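Here is what each chain is made of, one letter per residue.
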Amino acid sequence: MHSLQGSVALITGGTTGIGLATAQAFIARGAKVVVAARNREQGEAAVSMLRTQGEAAYHPCDVTDPLSVAALVAFTLDRFGKLDCAVNSAACDVQAMDTHEMAFDEACRSTSTDVLGVFNCMKYQIEAMLRQGGGTIVNVSSINGLSGAPTAAMYSAGKHAVIGLTRSTAKEYISRGIRINAVCPGATETPRRTRRTAHLDATALLAHQEQLAQAIPIGRLAQAEEIANAILWLSSPESSYVVGHSLVVDGGLQA
Ligand SMILES: NC(=O)c1ccc[n+]([C@@H]2O[C@H](COP(=O)([O-])OP(=O)(O)OC[C@H]3O[C@@H](n4cnc5c(N)ncnc54)[C@H](O)[C@@H]3O)[C@@H](O)[C@H]2O)c1
């Protein structure tokens with residue numbers, strides 16, 4: 001794969017899980033990285049680990065707040081001088097539940113992170129990229145953005161919306177040098193998944209994991225690094241003719 005030496009990448013939700021693995025993958029290719037999320041302690045821990053491998057900075061950001069996102073992009077430009085590759089990985093944690101039991105406020109919380117959060121990020125990332133003449137954006141959707149997910153209807157709706165945002169903006173900006181794509185991971189080992197199964201005891205957890213793995217043709221969950229590699233490819237010149245695509249990385253589940 002091409003070196004990304006000298007490139008600058010900004011990753012929201014970049015302090016844990018898929019976002020953090022993506023930051024590591026960018027750094028391994030020589031890029032400078034800004035990781036952003038709300039939790040300062042997690043951010044500082046992530047950045048001190050990333051700095052053992054290359055150049056990295058953390059900036060606190062709440063993607064639901066346009067001013068916070070504007071400040072994040074301004075920080076990136078100020079710190080590293082440009083923004084070449086943006087990855088929008090932040091997403092809301094919503095408890096699985098029957099749709100009729102979900103409170104309106106919870107539905108709004110989900111939408112404001114998963115849909116408006118991606119809009120906020122793209123708005124300011126695109127503004128910066130237009131000024132410098134181009135860049136790439138990868139939005140993290142899900143296989144739940146391509147088909148329905150019982151007990152996770154708002155999450156699924158949000159991830160469908162991420163694909164809609166990706167396709168529309170991809171067509172809108174490719175002639176202006178900004179290449180936008182999405183990645184659709186299947187079940188991936190990250191802190192999000194650990195939180196979702198925290199209520200299970202050891203035996204129930206093992207049974208749950210075995211059942212999940214058996215349903216996936218490859219026979220296991222993805223590692224965050226495997227999703228990061230797909231994101232890195234979509235961000236790199238190797239995928240230069242790939243525009244508005246939603247790349248499924250799910251061990252064969254949707255096949
Ligand atoms: N893990 C999976 O099985 C899986 C499967 C499909 C898609 N995804 C998607 O991958 C992405 C990353 O998920 P993950 O599994 O690495 O989860 P994660 O919980 O490890 O990472 C999500 C990150 O987003 C941050 N975040 C949440 N709300 C935010 C906000 N308002 N502003 C800024 N940051 C915020 C969190 O602090 C966290 O760092 C998400 O978009 C998720 O929907 C995950």
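- As recorded in an unreviewed UniProt entry, the protein goes by Glucose 1-dehydrogenase and comes from Chitinimonas viridis.

Quick word on the site of the ligand
Item 1. With respect to spatial proximity, 29 residues lie near the ligand, and among them Ile18, Tyr155, Thr188, Thr190 and Arg195 are the closest.
Item 2. One of the backbone N or O atoms of Ile18 is found 2.8 Å from an oxygen atom in the ligand.
Item 3. Note that an oxygen atom of the ligand is positioned 2.8 Å from one of the side-chain N or O atoms of Lys159.
Item 4. A per-element tally of the shell around the ligand places helix α7 (residues 191-196) first, with four residues.
Item 5. A per-class count over the shell around the ligand returns eleven nonpolar, twelve polar and six charged.

Brief notes about the environment of Val248
Item 1. If you trace the backbone, Val248 turns up in strand β9 (residues 246-249).
Item 2. Linking Val248 and Val183, residues 65 residues apart in sequence, is a C-alpha distance of 6.1 Å.

Observations concerning the sheet that holds strand β2 (residues 32-37)
Item 1. The parallel open sheet is built from seven strands, whose spatial order is β3-β2-β1-β4-β5-β6-β9. Both outer strands of the open sheet, β3 (56-60) and β9, are each paired with one neighbouring strand and no more. Direction aside, the axes of adjacent strands within the sheet are offset by 20 degrees on average.
Item 2. Sheet topology note: the strand β4 (residues 85-88)/strand β5 (residues 135-140) ladder contains four bridges and is parallel.

Parameters and conventions
Residues numbered from 1 in each chain as written. Predicted model: local features only at pLDDT ≥ 70, side-chain atom pairs only at ≥ 80, totals over all residues. Heavy atoms only, no water. Near = heavy atom within 4 Å. Polar contact = N/O pair within 3.5 Å; in protein donor to acceptor, adjacent residues only side chain to side chain. Helix = DSSP H or I, 4+ residues; strand = E, 2+ residues; numbered from the N terminus. Nonpolar A, V, L, I, M, F, W, Y, C, P; charged D, E, K, R; others polar. Pairing = 2+ DSSP bridges. Axes fitted to C-alpha atoms, helices over the stretch in contact; angles between N-to-C directions.

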